[in-house]
Structures are given as C-alpha cells and as structure tokens.
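Observations on chain architecture
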Amino acid sequence: MASESNITTESYLPEGMPLPAPMPDGLDAPFWEGTRAHTLLVQRCNACGTFQFGPEWICHKCRSSDVGWAQCSGRGKVYAFERVWHPVHKALRDKGPYLITLVELPDAGNVRMVGNLLGDPQQDVKIGDDVEVVWEDHQDVTLVQWRRPGQ
Amino acid sequence: MTDYSIKDKVAIVGIGETRYYKAGQAPVSEFQLALEAIQKAVADAGLRIEDVDGFASYSDDRNDPTRLAGALGIPQIQFSNMHWGGGGGGMAGAVGNAAAAVVAGYAKHVVAFRALAQGQFGRFGQGHAGARVRGAAAYTAPYGLMSPAQMFAMRTQRFMHEHKISQEALCGISLASYKHAQENPRAVMYGRPFTRESYYNARWIVEPFRLFDCCQENDGAAAVVLTRADRARDLRHKPVYLMAAAQGTGYRQWVPAHNDPDYATSNFKTLAPRLYDMAGIGPKDVDVAQVYENFTGGVLMSLVEHGLCDADEAEAFCTNGNLEWPNGKLPLNTSGGNLAEAYMHGLELVLEGVRQLRGDSTCQVKDARVCLVAAGPMVSPVSNLLLRN
Ligand SMILES: [Zn+2]
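None of the values given here were measured: they were computed from a predicted structure.

1. Observations concerning the overall build of chain B
What chain B contains, in helices and strands, is 13 helices and 13 strands. Taking 2.2 N^0.38 as the reference for a compact globule, 389 residues should give roughly 21 Å; the C-alpha atoms of chain B span a radius of gyration of 20 Å, in line with that estimate. Taken over the C-alpha atoms alone, chain B extends approximately 55 × 50 × 45 Å along its principal axes. Burial status across chain B gives 64% buried among its 389 residues. In chain B, the share of contacts with a sequence separation of at least 24, taken over all contacts with a separation of at least 6, comes to 78%. Looking at chain B as shown, the accessible area adds up to about 13,700 Å², and 49% of this sits on carbon and sulfur atoms. A gap of 2 Å separates the mean positions of the 37 positive and 39 negative side-chain charges of chain B.

2. Describing the packing of aromatic side chains
Residue and element names in this part refer to chain B. In this structure the tally under the stated criterion is 16 aromatic pairs over all chains. Between F194 and F212, the aromatic rings sit 4.9 Å apart at their centres with planes inclined by 80°, giving edge-to-face as the arrangement. Pair noted here: F194 is in the loop between α6 (167-181) and α7 (196-201) and F212 is in the loop between β8 (209-210) and β9 (218-228), with a separation of 18 residues, a long-range link. The buried category is assigned to F194, whose relative accessible area is 8%. Taking the centre distance of 5.1 Å and the plane angle of 10° together, the rings of F209 and F295 count as stacked. Placement of the pair is F209 in strand β8 and F295 in the loop between β11 (288-291) and α10 (296-305), with a sequence separation of 86 residues.

3. Re the pattern of salt bridges
Residue and element names in this part refer to chain B. This structure, assessed with the given rule, holds 25 salt bridges over all chains. Two residues, R186 and E352, come together in a salt bridge whose shortest N-O distance is 3.9 Å. Of this pair, R186 sits in the loop between α6 and α7 while E352 sits in helix α13 (residues 347-358), and the two are 166 residues apart along the sequence. Under the relative-accessibility criterion, R186 is labelled partly exposed at 25%. Overall, the relative accessible area of 0% leaves E352 in the buried class. Residues K366 and D367 are paired through a salt bridge, measuring 3.4 Å at the closest nitrogen-oxygen approach. Residues joined in a network through salt bridges with shared partners are E17, R186, E341, E352 and R355.

4. Points about the domain arrangement of chain B
All names here are of chain B. Taken domain by domain, chain B holds domain 1 (10-122 + 219-242) and domain 2 (146-215 + 244-388). Distance from the C-alpha centre of domain 1 to the C-alpha centre of domain 2: 23 Å. Counting residues at the interface gives 42 residues for domain 1, matched by 36 residues for domain 2. Between domain 1 and domain 2 the total buried area reaches about 2,900 Å² when both faces are included, carbon and sulfur atoms providing 68% of it. Counting across the interface, domain 1 meets domain 2 through three salt bridges. A salt bridge links E17 to R186; its shortest N-O distance comes to 3.6 Å. One can count 13 residue pairs in polar contact (both at pLDDT 80 or more) joining domain 1 with domain 2. For the side of domain 1 that touches domain 2, the secondary-structure elements that each account for two or more residues are β1 (10-17), β2 (21-22), α3 (91-104), β5 (110-116), β9 and β10 (240-248).

5. Considering the sheet that holds strand β3 (residues 41-45) of chain A
All names here are of chain A. Strand order in this open sheet of three strands is β4-β3-β5, and the pairing throughout is antiparallel. Two strands bound the open sheet, and with one partner strand each, they are β4 (51-52) and β5 (67-71). Sheet topology places β3 next to β5; five bridges connect them, and they run antiparallel. Directly across from C45, in β5, lies its bridge partner V67.

6. Quick look at unusual backbone geometry
The omega angle of the peptide bond from E207 of chain B to P208 of chain B is 10°, so this bond is cis rather than trans. Its place among the elements puts P208 of chain B in the loop between β7 (204-206) and β8. A positive phi angle, near 60°, is found at N110 of chain A, a position not held by glycine. Relative to the helices and strands, N110 of chain A resides in the loop between β7 (98-105) and β8 (111-116). Its identity is not glycine, yet M378 of chain B carries a phi of approximately 75°, on the positive side. Along the chain, the position of M378 of chain B falls in the loop between β12 (370-375) and β13 (382-388). Owing to a relative accessible area of 0%, M378 of chain B belongs among the buried residues under this scheme.

7. Focus: the coordination of the zinc ion
All names here are of chain A. Looking at the zinc ion, one finds its protein donor set to be C45 (SG), C48 (SG), C59 (SG) and C62 (SG), positioned 2.3 Å from the metal centre. Coordination at the zinc ion is tetrahedral, judged from the four donor atoms that bind it and the angles of 103 to 113° they form at the metal. For the zinc ion, the single-chain donor residues occur in sequence as C-x2-C-x10-C-x2-C. Of this pair, C48 sits in the loop between β3 and β4 while C59 sits in the loop between β4 and β5, and the two are 11 residues apart along the sequence. By relative accessible area, which is 37% here, C48 ends up partly exposed. Owing to a relative accessible area of 1%, C59 belongs among the buried residues under this scheme.

8. Things to note about the interface of chain A and chain B
At the interface, 45 residues of chain A touch 42 residues of chain B. Roughly 3,600 Å² is buried in total at the junction of chain A and chain B, and carbon and sulfur atoms are behind 55% of that figure. Counting every contact that joins chain A to chain B gives two salt bridges. Across the pair R132 of chain B and D140 of chain A runs a salt bridge whose closest N-O atoms are separated by 3.0 Å. Between chain A and chain B we count 23 residue pairs in polar contact (both at pLDDT 80 or more) in total. Going through the elements one at a time, β2 (19-20), α1 (29-36), β6 (75-84), β7, β8 and β10 (142-147) of chain A are the ones with two or more residues in the side of chain A that touches chain B. If you tally residues by element for the side of chain A that touches chain B, the top one is β6 of chain A, at six residues. A breakdown of the residues in the side of chain A that touches chain B according to their chemical character gives 30 nonpolar, nine polar and six charged. As paired elements, β2 of chain A and strand β6 (residues 132-133) of chain B share two bridges and run parallel to each other.

Cut-offs used in this document
Residues numbered from 1 in each chain as written. Chains lettered and ligands numbered in written order. Predicted model: local features only at pLDDT ≥ 70, side-chain atom pairs only at ≥ 80, totals over all residues. Heavy atoms only, no water. Helix = DSSP H or I, 4+ residues; strand = E, 2+ residues; numbered from the N terminus. Rg over C-alpha atoms; globule rule 2.2 N^0.38 Å. Buried < 20%, exposed > 50% of the residue type's maximum accessible area, 1.4 Å probe, protein only. Contact = heavy atoms within 4.5 Å. Areas by Shrake-Rupley, 256 points an atom, 1.4 Å probe, with all protein chains shown as cover. Lys, Arg positive; Asp, Glu negative; His and termini not counted. Charge placed at Lys NZ, Arg CZ, Asp CG, Glu CD. Phe/Tyr/Trp six-rings, centres within 6.5 Å; stacked < 30°, edge-to-face > 60°. Salt bridge = Lys/Arg side-chain N within 4 Å of Asp/Glu carboxyl O. Domains from an automatic or database assignment. Buried area = accessible area lost by both parts, 1.4 Å probe. Polar contact = N/O pair within 3.5 Å; in protein donor to acceptor, adjacent residues only side chain to side chain. Pairing = 2+ DSSP bridges. Donors = N, O, S within 2.8 Å, 3.2 Å for Na, K, Ca; no water. Tetrahedral: all angles 85-135°; square planar, octahedral: opposite > 155°, others 65-115°. Nonpolar A, V, L, I, M, F, W, Y, C, P; charged D, E, K, R; others polar.

In structure tokens:
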C-alpha cells in the first residue's frame, strides 16, 4: 500500500489549515502513527471482531477493553460527498470550491472516514463511486486523502 | 400509553420576546435581552415576577438563573436546569424539563428561555482558529469540514440520494418560511418578498445548500412560562397544554467522523413514536408544524421521521405550496421560523406554536388544535413537543 504512487507532499487545501494532533490520552495515537507510516489502521475488537472508528477505550458491541488495530486495504466507496463553496476558515478564503467525501471502508466493517476527493473540484461525483487512499504528508503528520483508483 | 407522563398536566401560559435583530445589532446586552423577554412572558401570563420560581434553558445559555433571579428580585428559585447539547437540539427539551419540574412539584411557575447576542459573544459557524485539532475534529477539520452547514450538508446529500429527492424539496421548505415571514412584522425578513427565483439565484454555501437553506443569525431573546394545568385556567390567556414532550438520541448518533450507523437522519426516529404515544395521537392529528430549520435538509428529514410524509413522497409533499399557509396541506413554520423570523435557537417556534393555538398567529391556521414543535434536527440530543389548546 505504501507505493510511491499514492503518496504526495502537495496539499489539496492551502497551507494554514488546522492539522491533526493525537489526543493527550493516547487513544488515537496508533491511528496517526499509522498514517505517518502510510498504513490505514482501524480499531478492531480482539474479543468479538467488531470494527469501530473513531477509536474508543472499549468495544461498543461487547464492551471488551481488549481492542486492537487492524490494517485495511485503503479501498473504499463514496458514501456521501459535498462541494464547499463558502469556506469558513481563513486559509480557504477566495480559494474556490473544494470536495469533501465521506468514504465507507467495506473491508473494515463499513466504518467511514472523511477526506478530500482529489482532482478537479468541479468533477461529477456519485455516491457509490470507488476511491482509494492517498497519503498527504505534512511536516510531522500525514492526512488521509482519497482519489479515483489509478488516477 | 403510560400513566407516568406529563400529558395535559402542564400548560404554557405566557410568551414573551424582544425585538429580533440581525446578528450583532442589538443595542443592549444579551443579559438585558433575557430580562426583557422573561418579564414580557410573565406579564403576558398575568403573573408577577415574584411568582417565578424556576428556570430552564439549553445550548449553554450564558444567562444563568442565579444572576437572573438576583437581577429580577425573585424571592426563591426551586428549579434550575440546563439541557445538554449545542445548537437548538434542546429547545423543546428545555420546555419539557420545565414541564417535568412543574409536574414533580419542584416548582410552580417555570420559565424556559433563550437569549442570544452574537455581537457581544462572537458568531456561530466559524472555523477552528487553532493550528492543531484533536479528537473528533482531527478527522474532519483538516479537510475543511468545520461549519454546521458543512456537517449537515453531507447527511442531507445522503438522504436525498437514498430517496431520490431533488433541490425542489429544499426550495419548498425555504419558500414556506420566507413567505410566512411576509405576514409577520416581528420577522427580521419581513418586507423581503421571496420567490422560487430568489432561492435559485442565491449562491451555493455547500451543495446541496444554497444561501436560503441556511438559518439566519440573530440577536434577541424569547421566553415561555409554564405552570400546572389547574392553575393555568385562571390566568390571562387560553392555556396551551403540553400533550407530550420527548428528548434524546438514537443508537450511536454522532460518534466521531460521521460514523453514526443510521446516518441520513434527523435523529427523530426514536423520539417521534414516543412523542405520539405519550400524546395518544398520530401524525394525521397534527394541524400545523413548527420544525427547527438549522438547514432545510433537516426539516425534510424531520417531517418524514414524524410521519407527516413518506420519505419517497417527500418531494411532492414539500413542493406545490403544500407547506404554505393558508391553502397548504400542512402549514410549516408559520412565523417564518429560524430562516426568516429570527434564529432564537428555535424557541421562537414554541412561541409561534402557542400563538397558533391561541388563535393569534399572523398566519393563523383555521381551527388549529394540535401543533408539533421539533427541535434541532440532525444533532444529538434532539427534542420535540406536541401542544394543544
Ligand atoms: Zn467487541
């Protein structure tokens, strides 16, 4: 999955956007360490196999506290999307529309992740479209982005 | 139906509001606005300020009961309560909590209120200012998903996809509010005639929301007074009784990164059946509806989840003037609501429900007996009320 072709240092949104940082309590550190290593990890219960995202201290299905992390393929489907014309963050002012997609991951219990859909912001998007992960590297953190397969 | 309910035991006996202003334009402080609305509601009921012994609010209202009681010289407070959750999800919940306090005997005359002066305290809908975001925001904000419009457009897009609903349904909901505001001199959008063309000529905010799918931001305050049904009959106005009140949220709603198992929902699927069950009526008994519009998409889902129309027929239901007074099948947001009267986090919708059942609305539905009030769609928790005269 960590082939050169799905790694970029070019950010989709302009510089100055807020970047993620792990929670001080360590709950989501494995997820962000995973993205840094270009590996998509989703929390999975070691007791009953249920996936959950975002991470939690216990499994929402069986309440076991024995929850681990599973690597998934990084292939997903557009569950919903939106084209933003009126940004609210100052870094985005006058930067034109951009696309946000909510991606469903069939090999991780259909958990969902939010990211941008790379490419033309005016492109035609349909719910159900196939997408794959792109690693957007910043100085000390890596964002999870999405593109059409093989784009 | 359970015997343990508030049904018909409590009435709204007074309503009061300040003038409603565009955001940041109130000439006085938020606290002064709260004092004015509360005093007007108590006077409207024909009660004395000294009779008030409880306060309920929501959305972390900044005007706490201790300061209010001190400023108003209230002899004793017997109940004070804050409903959890941001936005307007707790609007009906605050009224329901006030009613519960009355039925429990904690207090006799409870005021539910909301005051907002965003000029004084900053606006809603702004982005994260910090360079780093943690927790649930870390999965959304770096991708430019920050504002309420951006959070709710995603759900709405999914709902419209699932039920093959076009922009026309959202337009129909927006038109109803703006048209009703033209009859209501209190409305901030009074005197701003509005057409289908105005709707479609407005810019996109975030697809599928255009400008007039989004609520206003306003300064002002609103309040209602609740008391026991047997006391209500001796007061100034015809009492408006609470048939039912519900609050809460469905299974794993608002877990991080839009992972709610049931995603395209207003979050009323568990509340609406409980509400009707408590009231002992069904959707067909609703004569007029006041449904919180943060965004039109939430109204669409709320109408469906309250059984007022079928999801797959929602587009036809929301168009062709069906939501418009006086000839529509179900007049909706008859004061103009959050979109066009004022964004008092929805409490103005409770006041309008009371007006409809007193026969005082500027878009009075003939022989209105039952009004639905729904609060805060697509958030968690949400809340709702059924009122009757
Ligand atoms: Zn488990």
